[in-house]
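What the coordinates show
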Amino acid sequence: MHESAKTTPSPTLPRPSGLSGFASDWASDQRTFKNVSWGKAMMWIFLLSDTFIFGCFLLAYMTARMSTTVPWPNPSEVFALHIGGQDVPLILIAIMTFVLISSSGTMAMAVNYGYRRDRRKTAALMLLTALFGATFVGMQAFEWTKLISEGVRPWENPWGAPQFGSTFFMITGFHGTHVTIGVIFLLIIARKVWRGDFDTERRGFFTSRKGNYEIVEITGLYWHFVDLVWVFIFAFFYLW
Amino acid sequence: MAQSAAHSAQTAVHAQEHQQHPIKLYLAVWGLLFVLSFFSYLVDYFHVQGYLRWTLILIFMVLKAGLIVAIFMHMAWERLALIYAIILPPVMILVFVALMVSEAHYTLLTRLTFFGAAP
């Protein structure tokens, strides 16, 4: 391997941009996503399928809320916290939103440092992201406990339409599960980054393949998606 | 040794394929998301009601979602082939929304007709 012959790759076909690029990428017998690895493309396609899952949940919620003859409980009052002698509307949900957005910010920076091959900063930022995520799940557990102690059940609640409980538990429960899985995913990848797996090209335990820093971006895609879903839940369930 | 040099050259090329953006960009988007979330919280805090409320909520929601997908998820720098593959299918959910709105109206109508008591 001392003297390796220099080879020049054959010139690739021109890649037009814009709409004609879209047409030529999808046309004929070729790889569609030119500059995206299979890992990233598959994560995007998984997220697309997840979009439909959450889309259907929110649709079910919309249908239930629109078709009920009993008034819907006012989320502003239901999710108010009693702080300093007065009810502050939605305050816990607002804090949860800020926590999740902060975790997205640290994740975006982790991806950036990952591509700079700065393994310490990448791992530290991923751990911080996981910490924010765990905080979010903790606050959600607090919220669930509070509502359950107030008598909210999937089949009834003290304030109005009984469907409120079932949609609330289903939507936030599924989202919380996604956050929890994301935290586990983050911890696993952060450990690999910290150990230097992607610098020494250590082979993966399960796949026996060499990883690279792109996995940080793929993890990031999943994490940002969790934040994205929360944006929609916050708007439609808590604010509407 | 030559191998590692070739390797580092290769990784340098590899790194160039992923656009490097300054950290400042992410901090700016982070700040913007904070501001937008704060505004949507204020909508509830000041009890804005009716169409103004729904319009404001939707505007802030779409802006936030757009920022996350475009900047944080790097969609703004992908090729159209991927952008359309991911962004267009969810738009079809809107058709489903239209179907379910009409279905919900029908359910409400039958409930009011056959189970009496108006809301």
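Residues numbered from 1 in each chain as written. Chains lettered and ligands numbered in written order. Predicted model: local features only at pLDDT ≥ 70, side-chain atom pairs only at ≥ 80, totals over all residues.

What follows deals with the overall build of chain B. Secondary structure assignment for chain B yields 5 helices and 0 strands. In chain B, the succession of α and β elements from N to C terminus is α-α-α-α-α. Here chain B holds 119 residues, and the buried ones make up 14% of them. (Helix = DSSP H or I, 4+ residues; strand = E, 2+ residues; numbered from the N terminus. Buried ≥ 20, exposed ≤ 12 C-beta atoms within 10 Å, placed from the backbone.)

With that settled, consider the overall build of chain A. A count of helices and strands for chain A gives 8 helices and 2 strands. Traced from its N-terminal end to its C-terminal end, chain A shows the element sequence α-α-α-β-β-α-α-α-α-α. For 240 residues, the compact-globule estimate of 2.2 N^0.38 gives 18 Å, and the C-alpha radius of gyration of chain A, at 23 Å, exceeds that figure by more than 25%. Taken along the three principal axes of its C-alpha coordinates, chain A extends 80 × 40 × 30 Å. (Rg over C-alpha atoms; globule rule 2.2 N^0.38 Å.)

Turning our eyes to something else, we now look at the interface of chain B and chain A. Each side of the interface is counted separately: chain B has 48 residues, and chain A has 46 residues. At the level of secondary structure, the elements contributing two or more residues to the side of chain B that touches chain A comprise helix H1 (2-17), helix H2 (23-45), helix H3 (50-72), helix H4 (80-91) and helix H5 (93-114) of chain B. Counted by class, the side of chain B that touches chain A contains 34 nonpolar, 7 polar and 7 charged residues. (Contact = placed C-beta atoms within 7 Å. Nonpolar A, V, L, I, M, F, W, Y, C, P; charged D, E, K, R; others polar.)

All right, on to unusual backbone geometry then. Glycine aside, the phi torsion of most residues is negative, and most peptide linkages are trans. Phi is positive for Ser208 of chain A, close to 60°, though the residue is something other than glycine. Take Ser208 of chain A: there are 7 C-beta atoms within 10 Å of it, and that puts it in the exposed class. Despite not being glycine, His47 of chain B shows a phi value in the positive range, around 55°. As for its placement among the helices and strands, His47 of chain B is situated in the loop between H2 and H3. On the neighbour-count criterion, His47 of chain B (9 C-beta atoms within 10 Å) is exposed.

Residues and elements named next belong to chain A. Here Trp72 is to be found in the loop between helix H2 (38-67) and helix H3 (75-78). Along the backbone, Trp72 and Ala41 are 31 residues apart, and their C-alpha atoms lie at a distance of 40 Å. Those residues in contact with Trp72 that sit more than four places away from it in its chain are Arg65, Gly160, Ala161 and Phe164.

A few words on the environment of Phe38 of chain B. Residues and elements named next belong to chain B. Secondary-structure assignment places Phe38 in helix H2. Taking the number of C-beta atoms within 10 Å as the measure of exposure, Phe38 has 14 and is therefore partly exposed. Along the sequence, Phe38 and Phe60 sit 22 residues apart, while their C-alpha atoms lie 9.7 Å from each other.

Ala110, Met126, Val229 and Phe234 of chain A are the most contacted members of the largest nonpolar core, which has 70 residues in total. Listing elements by their share of this core, those giving two or more residues are H2, helix H4 (91-115), helix H5 (119-149), helix H6 (163-195) and helix H8 (214-239) of chain A together with H2, H3 and H4 of chain B. Broken down by element, this core gets its largest block of residues, 18 residues, from H8 of chain A. Those residues in contact with Met126 of chain A, other than ones at most four positions away along the chain, are Ala110, Leu186, Ile189, Ala190 and Val193 of chain A. (Core = buried A, V, L, I, M, F, W, Y, C linked by C-beta atoms within 7 Å.)

Residue and element names in this part refer to chain A. Relative orientation of the contacting elements H2 and H8 amounts to 15°, with a least axis distance of 10 Å. Taken together, H2 and H8 sit at an angle that is classed as roughly parallel. The handedness of the crossing between H2 and H8 comes out as right-handed. Here H2 contributes Gly39, Lys40, Met43, Trp44, Leu47, Asp50, Phe54, Leu58 and Tyr61 to the contact with H8, which in turn contributes Glu214, Glu217, Ile218, Leu221, Tyr222, Phe225, Val229, Phe232, Phe236 and Phe237. When grouped by side-chain class, the residues that make up the contact of H2 with H8 number 14 nonpolar, 1 polar and 4 charged. (Axes fitted to C-alpha atoms, helices over the stretch in contact; angles between N-to-C directions. Parallel < 35°, antiparallel > 145°, perpendicular 65-115°, else oblique. Left-handed = near helix turned anticlockwise from the far one by under 90°.)

On to the domain arrangement of chain B, then. Parsing chain B into structural domains produces domain 1 (21-77) and domain 2 (79-119). Placing a centre on the C-alpha atoms of domain 1 of chain B and another on those of domain 2 of chain B gives a separation of 24 Å. (Domains from an automatic or database assignment.)

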